[in-house]
Amino acid sequence: ETGFPPFKYVNGGGGLIWTSGYYGRFQPLLKGEVGIGSLTHPPNGSGYAHQSTTTYTLGGGFEYHTYKRLWTRVEYDYDFFTNFYSSQSGQFHSLNPRGFIFGETYRFGRGGSRY
């Protein structure tokens, strides 16, 4: 056991993704999203054990053309979870979870790569 309390963070949103031209099998991307984030944490005496609020996400990365219509995506996201109540300071702050996302995508429609 690590001694750290369990936290649960869920974020869902939508927005715009910009993709550039192809660099061989790579296609860079940038994105911006707005959504709703939900954070549940153990009670800390503040009366706040669950919070939901508007979130904002900025991200970037690339997709790699792996086979036919399959693309592998590598992305870095930086979230802005606004109005998080801190029992330590008694004030509202912004949390900024961030991390890498890896996944496989399938592109419908006309193939866009020469591979």
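Refer to the preceding data block for the structure.
What counts, and at which threshold
Residues numbered from 1 in each chain as written. Predicted model: local features only at pLDDT ≥ 70, side-chain atom pairs only at ≥ 80, totals over all residues. Heavy atoms only, no water. Salt bridge = Lys/Arg side-chain N within 4 Å of Asp/Glu carboxyl O. Buried < 20%, exposed > 50% of the residue type's maximum accessible area, 1.4 Å probe, protein only. Helix = DSSP H or I, 4+ residues; strand = E, 2+ residues; numbered from the N terminus. Polar contact = N/O pair within 3.5 Å; in protein donor to acceptor, adjacent residues only side chain to side chain.

Looking at this model, I keep getting lost on the pattern of salt bridges. Mind explaining?
Scanning the model with the defined rule gives six salt bridges in all. Linking Glu33 and Lys31 is a salt bridge whose minimum nitrogen-to-oxygen distance equals 3.4 Å. On the basis of relative accessibility, which here comes to 22%, the residue Glu33 falls in the partly exposed class. Among the residues examined, Lys31 registers a relative accessible area of 11% and is labelled buried. One salt bridge connects Lys31 with Asp77, and the closest N-O pair in it is separated by 3.1 Å. Here the residue Lys31 occupies a position in strand β2 (residues 26–40), and Asp77 occupies one in strand β4 (residues 70–86), the gap between them amounting to 46 residues. Connected through shared salt-bridge partners, Lys31, Glu33, Glu63, Arg73, Glu75, Asp77 and Arg107 make up one network.

Any chance you could explain the side chain of His65 here in plain terms?
Within the fold, His65 resides in strand β3 (residues 50–67). A distance of 2.3 Å separates the side chain of His65 from the backbone oxygen of Lys68, its partner in a polar contact.

In this structure, what is going on with the environment of Tyr67? I would like to understand it.
On the secondary structure map, Tyr67 appears in strand β3. A sequence separation of 39 residues divides Tyr67 from Tyr106, and the C-alpha atoms of the two residues are 9.8 Å apart.

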